[in-house]
Amino acid sequence: MNPVIKTILNRKSVRSYEDRAISAEIRDEILTATLRAPTAGNQMLYSIIEVNDPSIKDTLARTCDNQPFIAKAPWVLLFLADYQRWFDYFVASGVPEMCEQNQVALRKPEEGDLFLACCDALIAAQTAVIAAESLGVGSCYIGDIMEQYETHQALFNLPRYVFPICLLCFGYPTQQQRERELTPRFDRKFIVSENHYRRLDPGGLEEMHRDRQAQVLGNRKNIEGAINFGQYLYRRKFSADFSVEMSRSVRAILQVWKEG
Ligand SMILES: Cc1cc2nc3c(=O)[nH]c(=O)nc-3n(C[C@H](O)[C@H](O)[C@H](O)COP(=O)(O)O)c2cc1C
């Protein structure tokens, strides 16, 4: 098997790290690869903050839904969807004056620009994940960085058109992590269709989730009152406090972005 595919197929999220720093050379190699990620219009609509201040990592371990391993990760990168840099450049380049002269309204970053910047930031993040993996460095995404916007805005001094889209923890996996099984994925037939979107009927949905239901429920009739995997996941994730907070926080970010 080609080594790139092998790296991708064997990757797993790593949440427990050896007490071993990642050398400056390896970090540099990962960042160099990251910055080669494809980017919309070759604009690099993202910024990356290396978080190495232990007190900031401690704060993140708390504000990102209480995940203590964040504080223990040897290397932490924050990926930001960033339209601030381009908009500042437009302003510095006299774009507002040009618009005034031409009697057209100045367009500011909008929702489409935000989504494009999120695409850029996430593609860069995944490039970092694969580059790290190829060098024996494990990683884990933290989506909970989208929560508690006000705290993160103040912590990192984020201007209006900057959206914290994901955090990545890096470190060498412990032996237990190296040896643990890969997590399963849904069968390809439920995810990939040809030419048109295929909406699953209740039977198809049941079939898709059958293995996970068996894994979670086993022989039990219910777990915490949930009688199937759908009810279980709804309660554990979708309607959990962190999901509600994430939506509140993202609404707050959008509000700030749109006020500009
Ligand atoms: C957008 C995104 C957000 C995630 N957020 C978290 C997180 O906050 N905490 C965590 O432990 N894992 C997080 N993960 C990792 C997933 O839980 C993990 O990828 C999934 O369970 C599959 O396991 P695997 O990566 O080991 O194959 C996140 C992954 C993605 C892609």
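Keep in mind that what you see is a predicted model, and the values were worked out from it rather than measured.

Attention now goes to the overall build of the protein chain. Helix and strand counts for the protein chain come out as 13 helices and four strands. Each principal axis of the C-alpha distribution contributes one length, and for the protein chain these read about 70 × 45 × 40 Å. Relative to its full complement of 260 residues, the protein chain shows a buried share of 38%. For the protein chain, long-range pairs separated by at least 24 residues make up 77% of all intrachain contacts whose partners lie at least 6 apart in sequence. Side chains of the protein chain give 31 positive and 33 negative charges; the mean places of these two sets differ by 7 Å.

Ranked by size, the top nonpolar core spans 36 residues in total, and within it Phe79, Phe163 and Phe170 carry the most contacts. Those elements that place two or more of their residues in this core are helix 2 (24-34), strand 2 (75-82), helix 7 (111-134), strand 4 (162-171) and helix 13 (241-259). Per-element accounting of this core gives the leading share, ten residues, to helix 7. Those residues within four positions of Phe163 in sequence are excluded, and the remaining contacts are Phe79, Leu80, Ala81, Leu114, Cys118, Met146, Val250, Ile253 and Trp257. Ala61, Ala73, Val76 and Leu167 belong to the second largest nonpolar core, which has 21 residues in total.

Taken together, 14 residues form the shell around the ligand, and within it Arg11, Ser13, Arg15, Asp144 and Thr183 come nearest. Between the ligand and Thr183, the relevant distance is 2.8 Å, taken from an oxygen atom to a side-chain nitrogen or oxygen of the residue. In this structure, Arg185 approaches the ligand through a side-chain N or O atom, which is 2.8 Å from an oxygen atom. Contact with the protein chains hides 63% of the accessible area of the ligand, taken as 620 Å² for the molecule alone. Under a 2 Å grid-point criterion requiring more than half of the atoms, the pocket assigned to the ligand is the largest pocket. In terms of residue count, the dominant contributor to the shell around the ligand is strand 3 (residues 138-142) (three residues).

A few words on the pattern of salt bridges. A pair can form between side chains of opposite charge whenever their charged atoms are brought close. Under the counting rule described, the total for this entry stands at eleven salt bridges. With its nearest N and O atoms 3.3 Å apart, the salt bridge here joins Arg178 to Glu18. Taken together, the positions of Arg178 in helix 9 (residues 175-179) and Glu18 in the loop between helix 1 (3-10) and helix 2 put the pair 160 residues apart, joining distant regions of the chain. The closest approach of N and O atoms between Arg107 and Glu110, which form a salt bridge, is 3.0 Å. In this structure Arg107 comes out as exposed when scored by relative accessible area, which is 52%. Connected through shared salt-bridge partners, Glu18, Arg20 and Arg178 make up one network.

With that out of the way, let us pick up unusual backbone geometry. Residues other than glycine seldom take positive phi values, yet Gln148 does so here, at roughly 50 degrees. Although it is not a glycine, Glu224 sits at a positive phi angle of roughly 50 degrees. Positionally, Glu224 belongs in the loop between helix 11 (202-217) and helix 12 (229-238).

Here we come to the sheet that holds strand 2. In space, the four strands of this open sheet follow the order 1-2-4-3, with antiparallel pairing throughout. Each of the sheet's edge strands pairs with one partner strand only, and the pair in question is strand 1 (46-51) and strand 3. Adjacent strand axes in the sheet meet at a mean angle of 25 degrees, parallel and antiparallel pairs treated alike. Pairing analysis gives eight bridges linking strand 2 to strand 4, with the strands arranged antiparallel. Paired with Asp82 across the strands is Val162, a residue of strand 4.

Below, the discussion takes up the packing of aromatic side chains. Centre distance and the angle of the planes are the two values used to describe a pair of aromatic rings. Under the definition given, this model contains seven aromatic pairs. Ring geometry for Tyr161 against Trp257: centres 5.2 Å apart, planes inclined by 85 degrees, an arrangement best described as edge-to-face. Note that Tyr161 is positioned in the loop between helix 8 (149-156) and strand 4 and Trp257 in helix 13, a separation of 96 residues in sequence. Assigned by exposure class, Tyr161 and Trp257 land together as buried. With 5.7 Å between their ring centres and 40 degrees between their planes, Tyr234 and Phe238 make a pair best called tilted. On the criterion of helical spacing, the pair formed by Tyr234 and Phe238 is a turn pair, its members being four residues apart in helix 12. Taken together, the ring pairs connect Trp86, Tyr89 and Phe90 into an aromatic cluster. The ring of Tyr172 carries Arg20 above its face, with NZ or CZ at 3.7 Å from the centroid. Taking NZ or CZ as reference, Arg212 lies 3.8 Å from the ring centre of Phe186, over its face.

What counts, and where the lines are drawn
- Residues numbered from 1 in each chain as written.
- Predicted model: local features only at pLDDT ≥ 70, side-chain atom pairs only at ≥ 80, totals over all residues.
- Heavy atoms only, no water.
- Helix = DSSP H or I, 4+ residues; strand = E, 2+ residues; numbered from the N terminus.
- Buried < 20%, exposed > 50% of the residue type's maximum accessible area, 1.4 Å probe, protein only.
- Contact = heavy atoms within 4.5 Å.
- Lys, Arg positive; Asp, Glu negative; His and termini not counted.
- Charge placed at Lys NZ, Arg CZ, Asp CG, Glu CD.
- Core = buried A, V, L, I, M, F, W, Y, C linked by side-chain atoms within 4.5 Å.
- Near = heavy atom within 4 Å.
- Polar contact = N/O pair within 3.5 Å; in protein donor to acceptor, adjacent residues only side chain to side chain.
- Areas by Shrake-Rupley, 256 points an atom, 1.4 Å probe, with all protein chains shown as cover.
- 1 Å grid on protein atoms, 1.4 Å probe; cavity = no way out; pocket = protein on both sides within 12 Å on 5 of 7 lines; lining within 4 Å.
- Sits in = over half its atoms within 2 Å of the grid points.
- Salt bridge = Lys/Arg side-chain N within 4 Å of Asp/Glu carboxyl O.
- Pairing = 2+ DSSP bridges.
- Axes fitted to C-alpha atoms, helices over the stretch in contact; angles between N-to-C directions.
- Phe/Tyr/Trp six-rings, centres within 6.5 Å; stacked < 30°, edge-to-face > 60°.
- Lys NZ or Arg CZ within 6 Å of the ring centre and 35° of its normal.

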